[in-house]
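# Architecture at a glance
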Amino acid sequence: MQRPYHDYKSPASLYYKVYASLKEQAANWDKLLPELHHMRSEHLLALEQCKPADLEFAYLFFYKNDIAQPVACAYFQLVHFTTRHYQFPLWSNAWLAPLEKMVLRNGFHILVCGNLFRVDFPAIHIADRQVSLTELFDTLEIYYKKLQPQPHAILIKDCRSGTDTTWVKQFNFRNWPEDLTMKLDLNPAWKSLSDYTAALKHKYAQRVRKIQRSAASIARRNLAEEEIKFYGDELEQLFYNVVRQQAIRLVIPDKSYFLEMKKSYGEAFQLTGYFEGEKLVAFSSHFIYEETWELHYIGMDYAKNEQYLLYFNMMYDGIAMAITNKKKAVELGRTAREAKSMLGGKPIYFTSYYRLRGWLVNKLVAQFAHTFNEKTGESWHVRSPMKKK
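So, a few notes on the structure that sits alongside this text. (Residues numbered from 1 in each chain as written. Predicted model: local features only at pLDDT ≥ 70, side-chain atom pairs only at ≥ 80, totals over all residues. Heavy atoms only, no water.)

## A few points about the sheet that holds strand E14 (residues 329–333)
- The strand order E10-E11-E12-E13-E14-E9-E15 describes an open sheet built from 7 strands, whose pairing is mixed. Only two strands of the sheet have a single partner each, and these edge strands are strand E10 (219–222) and strand E15 (346–349). Going across the sheet, the axis of each strand differs from the next one's by a mean of 30°, ignoring polarity.
- When strand E13 (residues 292–300) meets E14, the two strands line up parallel, connected through 3 bridges. Pairing of Trp293 across the sheet is with Val330, part of E14.
- Across the face of the sheet, helix H9 (residues 232–243) comes into contact with strand E11 (269–276), strand E12 (279–288) and E13 while running at roughly 95° to E13. (Pairing = 2+ DSSP bridges. Helix = DSSP H or I, 4+ residues; strand = E, 2+ residues; numbered from the N terminus. Axes fitted to C-alpha atoms, helices over the stretch in contact; angles between N-to-C directions. Contact = heavy atoms within 4.5 Å.)

If you want it as structure tokens, here you go:
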């Protein structure tokens, strides 16, 4: 997608300036945001620095009338979606397969207001209460039309509940169904994983102990920045092993992503390596918030996973770390819903909106959604592994 360097001043009171990079505008961007806000420049620049493939960025400043200082900002990620982003092909049907090939020959373009790498990342911030979301989205319509090529899909991700939604119908957006993550609430009385295990029903508690025994010989180590750099190639390969199992993968970061996250977040980002002797066979990464522990990207050798049940050991280790660090909840992620429900995870739904251009793109996206839900466990149900109080 061609980089949008243009500025636009509309006949209305609100207008915007857009930048392809935040490097020269970081100080102005941060002036709009509260301290510790998730959209602060140091975190967004970390993503710029690792240069994910097929992904570009756009940063919009909004101005009102002739006021010199911006009154709002918005963050966009622009994805060039090709066959490498999903398990190609979707269809073997003699009619549909040629259409799929035709559309994906050049790929299609997705414009995301949000952060595809993170959970619960609203990407619009209004600093002036006199500015309405409807007014802002009215101005964004101009931005969408000026992009070349035009986006085939626009996604407004992780909208806050209780905000003005009059723009949704006005600009022909639709609610994205089944946009959820799995979260485990922690009992403040728990002091260790043993307390969590004791709170489980008998068969689930037995399962925890069996899984932990299976990986008793595996060493865990929290990797420092230099070690993340040293093991970069192994981390990348283990991560790609997992990516290849996913039906849809809009973003595919490489080894530089983990290093940049460590540089940007410091102790608020941890990467745990799992070692069979001296060999790295798996890793899990974690973002640490004031009240929540987030299990982020993982990677593993699937042959070793069969032997040591690495996936579930990483889940239980994440829960143990969250309890030890006195967090209120563990963010478990969007995939493998049935498995995470067995840990005690409950679905947390997000509000996201989308708009598509063209009937064929509509058909493809519907099939992508079906494939994703099928792969992540469409027929999953919420389990109750905890003992009744």
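## So, the packing of helix H7 (residues 202–214) against helix H12 (residues 310–324)
- Remark: H7 packs on H12, axes separated minimally by 9 Å, with the N-to-C direction vectors making an angle of 110°. One way to sum up the angle between H7 and H12 is to call them roughly perpendicular. As H7 runs across H12, the sense of the crossing is left-handed. The segment H7 lies against H12, with Arg207, Val208, Ile211, Gln212 and Ser214 engaging Phe312, Asn313 and Tyr316.
- Broken down by class, the residue content of the contact of H7 with H12 amounts to 4 nonpolar, 3 polar and 1 charged. (Parallel < 35°, antiparallel > 145°, perpendicular 65-115°, else oblique. Left-handed = near helix turned anticlockwise from the far one by under 90°. Nonpolar A, V, L, I, M, F, W, Y, C, P; charged D, E, K, R; others polar.)

## A look at the side chain of Asn305
- Counting through the fold element by element, Asn305 comes out in helix H11 (residues 302–308).
- For Asn305, a relative accessible area of 17% gives the class buried.
- Within the local environment of Asn305, its side chain forms a polar contact with the backbone nitrogen of Leu310, the two atoms lying 3.0 Å apart.
- Dropping the residues within four chain positions of it, Asn305 is found in contact with Met300, Leu310 and Tyr311. (Buried < 20%, exposed > 50% of the residue type's maximum accessible area, 1.4 Å probe, protein only. Polar contact = N/O pair within 3.5 Å; in protein donor to acceptor, adjacent residues only side chain to side chain.)

## What about the packing of aromatic side chains?
- Per the counting criterion, the structure on display carries 33 aromatic pairs.
- The interplanar angle of 50° and the centroid separation of 6.4 Å between the aromatic rings of Tyr196 and Tyr316 together place this pair among those described as tilted. Linking Tyr196 in helix H6 (residues 193–198) with Tyr316 in helix H12, this pair joins segments that are 120 residues apart in sequence. Assigned by exposure class, Tyr196 and Tyr316 land together as buried.
- Considering the side-chain rings of Phe269 and Phe287, the 5.1 Å spacing of their centres and the 55° angle between planes classify their relative orientation as tilted. Of this pair, Phe269 sits in strand E11 while Phe287 is found in strand E12, placing the two residues 18 residues apart along the sequence. Considered together, Phe269 and Phe287 belong to a single accessibility category, that of buried residues.
- Taken together, the ring pairs in this structure connect Tyr19, Trp29, Phe57, Tyr59, Phe61, Tyr75 and Phe121 into an aromatic cluster.
- Sitting over the ring of Tyr63, Lys17 keeps its end group 5.3 Å from the ring centre. (Phe/Tyr/Trp six-rings, centres within 6.5 Å; stacked < 30°, edge-to-face > 60°. Lys NZ or Arg CZ within 6 Å of the ring centre and 35° of its normal.)

That's the geometry; what it means functionally is another story.
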